[in-house]
Amino acid sequence: MATLQPQIHDSWKAILKDQFEAEYFGKLKEFLVEEKQKFPVYPPGPLIFNAFEQTPFDRVKVVILGQDPYHGPGQAHGLCFSVPDNVKPPPSLVNIFKEIESDLGIKPPQRGNLESWAKQGVMLLNATLTVRANQAGSHQKKGWENFTDSVITKISEQRENIVFILWGNYARAKKTLINSSKQLILEAAHPSPFSAYSGFMGCKHFSKTNEWLREHGIEEIDWRIN
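Residues numbered from 1 in each chain as written. Predicted model: local features only at pLDDT ≥ 70, side-chain atom pairs only at ≥ 80, totals over all residues. Heavy atoms only, no water.

**Considerations on the packing of helix α3 (residues 23–38) against helix α7 (residues 144–158)**
Two elements in contact, α3 and α7, have axes separated by 9 Å at closest approach and are oriented at 130°. Viewed along their axes, α3 and α7 adopt a mutual orientation that is oblique. Only W144, N146 and F147 of α7 make contact with α3, whose side of the interface consists of Y24, F25, L28 and L32. Of the residues that constitute the contact of α3 with α7, the class distribution is six nonpolar, one polar and no charged. (Axes fitted to C-alpha atoms, helices over the stretch in contact; angles between N-to-C directions. Helix = DSSP H or I, 4+ residues; strand = E, 2+ residues; numbered from the N terminus. Parallel < 35°, antiparallel > 145°, perpendicular 65-115°, else oblique. Contact = heavy atoms within 4.5 Å. Nonpolar A, V, L, I, M, F, W, Y, C, P; charged D, E, K, R; others polar.)

Here it is in structure tokens:
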């Protein structure tokens, strides 16, 4: 199936081979084929696994977990919270940039493309990797959660000293998949305008992430968007 031949880094193909061969994944592909015949689906097929392509398994330092892709035209490109260069940063991302300014003194950028984070080892993972146009959450409970739960589990089991950043109740529920004895889990409210001032603003997750990485001899993340 052309739309789901994973354009995904070889390191992930090996790690996730069992998932790509699982029965649920076959059903998920069938669902997406049917869905694409009737509706626009985001992100475009080649970008569905962009988070995996941009951040190889052995380079993951940080995992930021989102829920599902942006559902407006041209917004989603396979990295949670991120938008392509020519798209105005959505409200949640604007709040993320505000917190970075408060935490680290980095002025908010004009663009919202977070690829520079991904290339440094920040895996920008949505729990659901596709969405129907203009219908938030429309591809939940179709199999993607099985897949991304497996991704979180495999990172937790096979790597160490990874920072998992969980914003909002949906992401925080995933902490049961993470071995907190060898990883750092940072939790806060979601950066959405509805909840950002209920515990996201002031969380200082960006400086805390770099402090953890520094203490474990790992190169810090440059959170600036160049």
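**Structural notes on the packing of aromatic side chains**
Working definition: an aromatic ring pair is given by the centre-to-centre distance plus the angle between the planes. Under the definition given, this model contains 19 aromatic pairs. Here the aromatic rings of W12 and F52 are separated by 5.1 Å at their centres, their planes lie at 85°, and the arrangement is edge-to-face. Pair noted here: W12 is in helix α1 (residues 10–15) and F52 is in helix α4 (residues 50–54), with a separation of 40 residues, a long-range link. Relative accessible area serves as the criterion here: at 0%, F52 is assigned to the buried category. On the numbers, 6.3 Å between centres and 50° between planes, the contact of W117 with F206 is tilted. With a gap of 89 residues between them, W117 in helix α6 (residues 115–119) and F206 in helix α9 (residues 205–215) connect regions that are remote in the sequence. By the burial criterion, W117 is buried, and F206 matches it. A network of ring pairs unites the aromatic residues W12, F20, Y24, F25, F49, F52, F57, W144 and F147 as a single cluster. (Phe/Tyr/Trp six-rings, centres within 6.5 Å; stacked < 30°, edge-to-face > 60°. Buried < 20%, exposed > 50% of the residue type's maximum accessible area, 1.4 Å probe, protein only.)

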